[in-house]
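An overview of the molecular structure
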Amino acid sequence: MRRSSFLCFSFSLSLTALLPLAAHAQGNDPGAPEVWAITGAKIVPVGSPTIEKGTLVLRDGRIEALGADVKAPADAKVIDGSGLTLYPALIDASTKIGIPAELPTPSYTIPTVRAENQAAALFKPDAAAAKNWRAAGFGVALTTPQSGLFAGTGALVSLADGDASSLLLRQSTGMRLDLFSFDNAGASYPGSLMGRIAAARQALTDARYFSTQLSAYENNPVGKSRPQVHRALQALQPVIEQKMPLIARASSSNEISRTLRFSKEFSLSPVIDGGAESWAQADALKAAGASVLLSAALPEPPKREPGEPVRDSLTSLRKRALAPTSAAALVKAGVPFALTTSGMANPADLSKNVRKMIAAGLTEEQAIAALTQTPAKLLGVERQLGTLAPGKLGYVLAVEGGSLFGPKAKPRFLFIDGKRFPLSGPSAVAGAKPSVIPQLPPGVSKEQALAFLKANPEQAAAFLPPGVTIAQAIAELEGKNTTADTKPAGDKPAEDEKIAAPPAVTPGPVFPVPASVGDAYVLRGATIWPGDGKPFTGDL
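Note that the coordinates shown come from a computational prediction; the quantities given were computed from them, not determined experimentally.

**Regarding the sheet that holds strand β12 (residues 246-250)**
Reading across from one edge, β8-β11-β12-β13-β14-β15 is the order of the six strands in this open sheet, with mixed pairing throughout. Both edges of this open sheet fall to β8 (150-153) and β15 (337-340), since each of them pairs with a single strand only. This sheet shows a mean twist of 20° between the axes of neighbouring strands, independent of strand direction. Where strand β11 (residues 175-177) meets β12, three bridges bridge the pair, whose relative direction is parallel. By the bridge assignment for β12, Leu177 is matched with Ala248.

**Some details on the packing of helix α5 (residues 193-219) against helix α6 (residues 231-240)**
Between α5 and α6, the shortest axis-to-axis distance is 9 Å and the interhelical angle comes to 90°. What the angle tells us is that α5 and α6 run roughly perpendicular. Together, Ala203, Leu204, Asp206, Ala207, Arg208, Phe210 and Ser211 of α5 and Leu233, Gln234, Leu236, Gln237 and Ile240 of α6 make up the contact between the two elements. Counted by class, the contact of α5 with α6 contains seven nonpolar, three polar and two charged residues.

**Looking at the packing of aromatic side chains**
Each aromatic ring pair is summarised here by two numbers: the centre-to-centre distance and the angle between the ring planes. With the rule as written, the count across this model stands at three aromatic pairs. An angle of 65° between the planes, with centres 5.3 Å apart, marks the rings of Trp36 and Phe415 as edge-to-face. Of this pair, Trp36 sits in strand β1 (residues 35-43) while Phe415 sits in strand β17 (residues 410-416); the two residues are 379 residues apart in sequence, bridging distant segments of the chain. Pair check on accessibility: Trp36 and Phe415 agree, each one buried. Measuring from ring centre to ring centre gives 5.6 Å for Phe262 and Phe266, while their planes differ by 50°; the resulting arrangement is tilted.

**Here's the deal with the pattern of salt bridges**
In total, this model carries 12 salt bridges according to the counting rule given. In this structure, Lys77 engages Glu34 in a salt bridge whose closest nitrogen and oxygen atoms are separated by 3.4 Å. With Lys77 in strand β4 (residues 77-80) and Glu34 in the loop between α1 (2-25) and β1, this pair connects stretches of sequence that are 43 residues apart. Across the pair Asp178 and Arg249 runs a salt bridge, and its minimum N-O distance is 3.2 Å. Note that Asp178 is positioned in the loop between β11 and α5 and Arg249 in strand β12, a separation of 71 residues in sequence.

**Considering helix α7 (residues 253-265)**
For α7, spanning 13 residues, the distance from its first C-alpha to its last is 19 Å, which sits close to the expected 18 Å at 1.5 Å a residue. Buried residues of α7: Ser253, Glu255, Ile256, Thr259, Leu260, Phe262 and Ser263, and no others. Residues of α7 that are buried sit in contact with β11, α5, β12, β13 (271-274) and α8 (282-287). Among the residues trailing α7, Ser267 stands out with phi positive, at a value near 55°.

**Points about the sheet that holds strand β9 (residues 155-158)**
Strand order in the open sheet formed by four strands is β6-β7-β9-β10, with mixed pairing between adjacent strands. Each edge of the sheet is formed by a strand with only one pairing partner; in this case those strands are β6 (90-95) and β10 (168-170). Within the sheet, the average angular offset between the axes of one strand and its neighbour, ignoring direction, is 30°. Inspection of the sheet shows β9 paired to β10 by two bridges, in the antiparallel sense. For Leu156, the partnering residue across the bridge sits in β10 and is Arg170.

**Digging into the nonpolar core**
Core analysis: the largest hydrophobic core is formed by 97 residues, its most contacted members being Phe150, Met175, Leu177, Leu285 and Phe337. In terms of residue count, the dominant contributor to this core is α5 (seven residues). Ignoring sequence-local partners within four residues, the contact set of Leu285 consists of Ile256, Leu260, Ile272, Ser278, Ala290, Val292, Leu330 and Val335. Counting residues in each nonpolar core, the second largest holds 17 residues, with Ile51, Leu58, Ile63 and Ile79 among its members.

**Brief notes about the environment of Gly81**
By secondary structure assignment, the location of Gly81 is in the loop between β4 and β5 (84-88). By relative accessible area, which is 0% here, Gly81 ends up buried. Taking the C-alpha atoms as reference, Gly81 lies 9.8 Å from Ile43; in sequence the two are 38 residues apart.

**A short note on the side chain of Lys392**
Relative to the assigned elements, Lys392 resides in the loop between α13 (373-378) and β16 (396-400). With no salt bridge to any partner, buried Lys392 finds its closest opposite charge in Glu382, at an N-O distance of 7.9 Å. Reaching out from Lys392, the side chain makes a polar contact with the backbone oxygen of Glu382 at a distance of 2.7 Å. Every residue in contact with Lys392, bar those within four places of it in the chain, is listed here: Arg62, Ile63, Glu382, Arg383, Gln384, Leu385 and Thr387.

Cut-offs used in this document
Residues numbered from 1 in each chain as written. Predicted model: local features only at pLDDT ≥ 70, side-chain atom pairs only at ≥ 80, totals over all residues. Heavy atoms only, no water. Pairing = 2+ DSSP bridges. Helix = DSSP H or I, 4+ residues; strand = E, 2+ residues; numbered from the N terminus. Axes fitted to C-alpha atoms, helices over the stretch in contact; angles between N-to-C directions. Parallel < 35°, antiparallel > 145°, perpendicular 65-115°, else oblique. Contact = heavy atoms within 4.5 Å. Nonpolar A, V, L, I, M, F, W, Y, C, P; charged D, E, K, R; others polar. Phe/Tyr/Trp six-rings, centres within 6.5 Å; stacked < 30°, edge-to-face > 60°. Buried < 20%, exposed > 50% of the residue type's maximum accessible area, 1.4 Å probe, protein only. Salt bridge = Lys/Arg side-chain N within 4 Å of Asp/Glu carboxyl O. Expected span 1.5 Å × (residues − 1). Core = buried A, V, L, I, M, F, W, Y, C linked by side-chain atoms within 4.5 Å. Lys, Arg positive; Asp, Glu negative; His and termini not counted. Polar contact = N/O pair within 3.5 Å; in protein donor to acceptor, adjacent residues only side chain to side chain.

If you want it as structure tokens, here you go:
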């Protein structure tokens, strides 16, 4: 009896000493190193073959290793990745996150030319907006001033929490041009499309002249007057010299066509921001060497009261049918493009709209690349972001329920600079119960831990994660479900959702019915939009 009591006491002492190590390994110790290992997950690096089951290790904000044979380091906080798929964190290349409404007074004589505005200087972190974008899987965003003809330069920012200096990833990322919007930033002049195009042309011509004068003065200042410095014209120099991309907002076919012609005057290859009707200009975009920040916002049917007749015009019906085809048309033409949330009320709608684009001919691999690898290339950060590879920044998205754009997919957590942000599921909800299993102390099995918890509940309680009771820990170690009651409302498995391909329509003219046609006639092979809004091809 004495020997048995002694052994039980010794085991209790050893487990008491080892359980704090488990707390340390699970990240409950504030001094724990920032080392994470996600094990047993499917890994989609993008740009290299998918790893069906592997481990990804993050250390000090960067990806240390990933692969099927990678082992979790001894000092890592381990996450069981069973049922998860890992992707690079998504990049949104068209936002205005953190840009204040009030902007500095413009320095150029034409008030809509505000090229000197810099998002890097204007940016103020917006925690609420960042949280919304993270919930949709985004870890990085390009934010740009929106007011004005030349609105200013964008900045690439992290969507983590922190001050502006800690979130800036890259400054002066593209100059924004908007020929077609009329806002309060000097909207009275120029107040017409012709005037805005003329003003943009004048600004670039002045910038080119200023560059010539400044260069001549710097090469030989003797006997010459010093050129007057204009901040707006200086800001346009990198655009004229083709060292900075011109990001031009254009959505309709006519807007894209006008933008391409305008850019050609100055030998520029623009980045089209919006591109809703890119399907109509794909070949022209390719010929111009342009790329597209394609908005994932898709036109919706007009809202109507029950019993109210459908008043859709043929133009709006066609726009709804053709909008999802733009991405596939750009792929076919060989035009680089990134998908963005520009024009979307809620970033969470991204997945639903991308599924419509996939139904219209885009592949899932192409869609993933358009939210990761391609925007990283277009923004000049492909060596740090956009793919999963050793040495790159620790921006990783974990999705549960299949592929990223599957109807059952749910983003579960996101790593930004190696810091973990829960997105949904038990770990993201107040009152959720952390797991006690991820990494028990070396040499301690679940059975031994379970025995200690039952024999010494008061002593063991001190070593459990915050919020976990003895009963919950025992239930988890016994394999019982302890998290079913902690899932957030609405976090139910999605039902299978099949999105039909859009109807085949053409943009050609529709002629009126000739007078010789009688009152009764049949339309064969027509695309028909009935009252329920589900089009089909048939006879009418």
